[in-house]
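Structural description and commentary
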Amino acid sequence: MIVVLAGGTGAAKFLNGLVQVVDREDIYVIGNTGDDAVFFGLHVSPDLDTICYTLANEVNHGTGWGLSNETWNAMATVERYGGDTWFHLGDRDLGTHLYRTARLREGATLSLVTQEIAEAWRIGIDLVPMTDSPVRTYLELLDGTEVAFQDYFVKLRHSVPVTAVSFRGASKAVPTEGILEAIGEAEQILIAPSNPIVSIGPILAIQGIRELLEKNRDKVKAISPIVAGLALKGPADRLLRELGYESSVVGVAGLLADVADKLVIDEQDMALAKSISEMDIKPVVTNTIMSTPELAKNLASVVIDC
Ligand code: GDP
């Protein structure tokens, strides 16, 4: 079995490559739920849904999130009433949140509902939220106020400097049943090219996960989401700098060296391979830019074989 620690869009692209080189039934994905939020009373799990829609081949390729062939009638009605519409929920997508919320209200766990949703989209892999407990990522801004992840990421368009990140509820949260066994038994554990601070960070903050990865470090390989000093999407490069890390593969290595034995970096960062080896994490150099499913497949194949 191959275990993958995953955020949203970067992870989904990588998983789309991985399913072309590994049997779907051998893939076990631990998804970040620190980005989860409630809008109009509905529980939204953006990272889990991005993975599900991508592997179902139904994702909106323009945005990398949400569903294809989407319409926005419900949002237009909310707008008519003067309600908040900064978090866009398409009509097709709303069905997922309605179903999830109803099942959670009936007492189902998030992991069970996620499994039901994944099965309905026939994605064929195990998709498991990192925990069934509520964990929420908060970002502290320069004036000391704390904002929830979606307020930072979507409402503020991640354009404000951040001074600290916290994962509320993480220290009390236990991993979803089966996760620790999966990590223990896995042949390989992959850290997807996701934001190391706000996508991978929450997973590592759940009780016992970081410690178990440290013990299994020889099986862990990470793929850098930073290429030539920049994030390909989102604020990962700025967050690294703002929180005191180098915005480069060296900064990523600093965050992951305790848990990963290898770091897959892009050819554009070849000159930094030596600095990474000196941090006690083995660099693997390849093309990591997944602009097509074929390139994602090539990357997945290098990662599995390295
Ligand atoms: P989010 O929750 O949707 O922000 O998703 P993730 O945390 O999974 O993904 C965001 C990260 O994915 C960003 O830091 C990007 O730089 C990275 N990313 C996106 N596409 C690629 C790619 O093709 N190659 C690599 N190496 N990283 C990528």
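What comes next concerns the included structure. (Residues numbered from 1 in each chain as written. Predicted model: local features only at pLDDT ≥ 70, side-chain atom pairs only at ≥ 80, totals over all residues. Heavy atoms only, no water.)

Side note on the nonpolar core
Judged by nonpolar contacts, the single largest core of 51 residues is most densely connected at V3, L5, I30, I183, L213 and L256. Among the elements that take part in this core, helix α11 (residues 249-256) stands out by supplying 6 residues, more than any other. With residues up to four places along the chain from it excluded, the contact list for I30 reads V3, V4, L5, A6, V128, M130, I179, I183 and I203. By size, the runner-up hydrophobic cluster in this structure holds 35 residues, among which are A6, F14, I123 and M290. (Core = buried A, V, L, I, M, F, W, Y, C linked by side-chain atoms within 4.5 Å. Buried < 20%, exposed > 50% of the residue type's maximum accessible area, 1.4 Å probe, protein only. Helix = DSSP H or I, 4+ residues; strand = E, 2+ residues; numbered from the N terminus. Contact = heavy atoms within 4.5 Å.)

Thoughts on the site of the ligand
In the vicinity of the ligand lie 22 residues, with S194, S199, P225, L232 and T288 positioned nearest. Between the ligand and S224, the relevant distance is 2.9 Å, taken from a nitrogen atom to a main-chain nitrogen or oxygen of the residue. For the ligand, whose accessible area on its own is 600 Å², the fraction buried by protein is 94%. Sort the elements by how many residues they give to the shell around the ligand and helix α1 (residues 9-18) lands first, with 4 residues. (Near = heavy atom within 4 Å. Polar contact = N/O pair within 3.5 Å; in protein donor to acceptor, adjacent residues only side chain to side chain. Areas by Shrake-Rupley, 256 points an atom, 1.4 Å probe, with all protein chains shown as cover.)

Describing a negative patch on the surface
Among the surface-exposed residues, D23, E25, D26 and E187 lie close enough to one another that they form a single negatively charged patch. A residue is classified by how much of its surface remains accessible, and D26, at 32% relative accessible area, is partly exposed. (Patch = residues over 30% accessible without salt bridge, like charges linked within 9 Å, V, L, I, M, F, W, Y side chains within 5 Å. Salt bridge = Lys/Arg side-chain N within 4 Å of Asp/Glu carboxyl O. Lys, Arg positive; Asp, Glu negative; His and termini not counted. Charge placed at Lys NZ, Arg CZ, Asp CG, Glu CD.)

With respect to the pattern of salt bridges
Considering all chains together, one arrives at 8 salt bridges under this definition. In this structure, E278 and K274 form a salt bridge, with 3.3 Å as the shortest nitrogen-oxygen distance. Put simply, R103, E106 and E116 are held in one network by salt bridges that share partners.

Re helix α2 (residues 46-55)
Most of α2 is tucked away, with 10 of its 10 residues classed as buried. For α2, the complete set of buried residues consists of P46, D47, L48, D49, T50, I51, C52, Y53, T54 and L55.

What to know about the environment of E140
Among the secondary structure elements, E140 is positioned in strand β6 (residues 136-141). Considered as a pair, E140 and S166 are 26 residues apart in the sequence and their alpha carbons are 8.1 Å apart. For E140, the contacting residues outside a window of four places in its chain are T145, E146, P161, V162, T163 and A164.

Observations concerning the side chain of S45
Among the structural elements, S45 can be located in the loop between β4 (42-44) and α2. The class of S45 is buried, set by a relative accessible area of 0%. Here the side chain of S45 touches H43 through a polar contact of 3.3 Å, side chain to side chain. Those residues in contact with S45 that sit more than four places away from it in its chain are D36, R100 and L110.

Here's the deal with the side chain of T50
Here T50 is to be found in helix α2. Apart from residues no more than four positions distant in its own chain, T50 is found in contact with G8, T9, A12, G64 and W65.

Brief notes about the pairing of strand β1 (residues 2-6)
With 5 of 5 residues buried, β1 lies mostly within the body of the structure. Residue alternation in β1 divides its side chains into two sets, I2, V4 and A6 and V3 and L5, and both sets are buried. Sheet topology note: the β1/strand β2 (residues 27-31) ladder contains 5 bridges and is parallel. Counterpart to A6 in the pairing with β2 is G31. In this fold, β1 hands off to α1, which returns the chain to β2; that crossover is right-handed. As judged from the 4 bridges shared by β1 and strand β9 (residues 188-191), these two strands associate in the parallel manner. Across the sheet, the residue bridging to V4 is L190, located in β9. (Pairing = 2+ DSSP bridges. Right-handed = clockwise from strand over helix to strand, strands pointing away.)

Examining the sheet that holds β1
Ordered in space as β5-β2-β1-β9-β10-β13-β14, the 7 strands form an open sheet in which the pairing is parallel. The open sheet is flanked by β5 (126-129) and β14 (282-286), the only strands paired with a single partner. Taking each pair of neighbouring strands and ignoring which way they run, the sheet shows an average axis angle of 25 degrees. Pairing of strand β10 (residues 220-223) with strand β13 (residues 262-266), which is carried by 3 bridges, proceeds in the parallel orientation. (Axes fitted to C-alpha atoms, helices over the stretch in contact; angles between N-to-C directions.)

These figures come from the coordinates and say nothing about function on their own.
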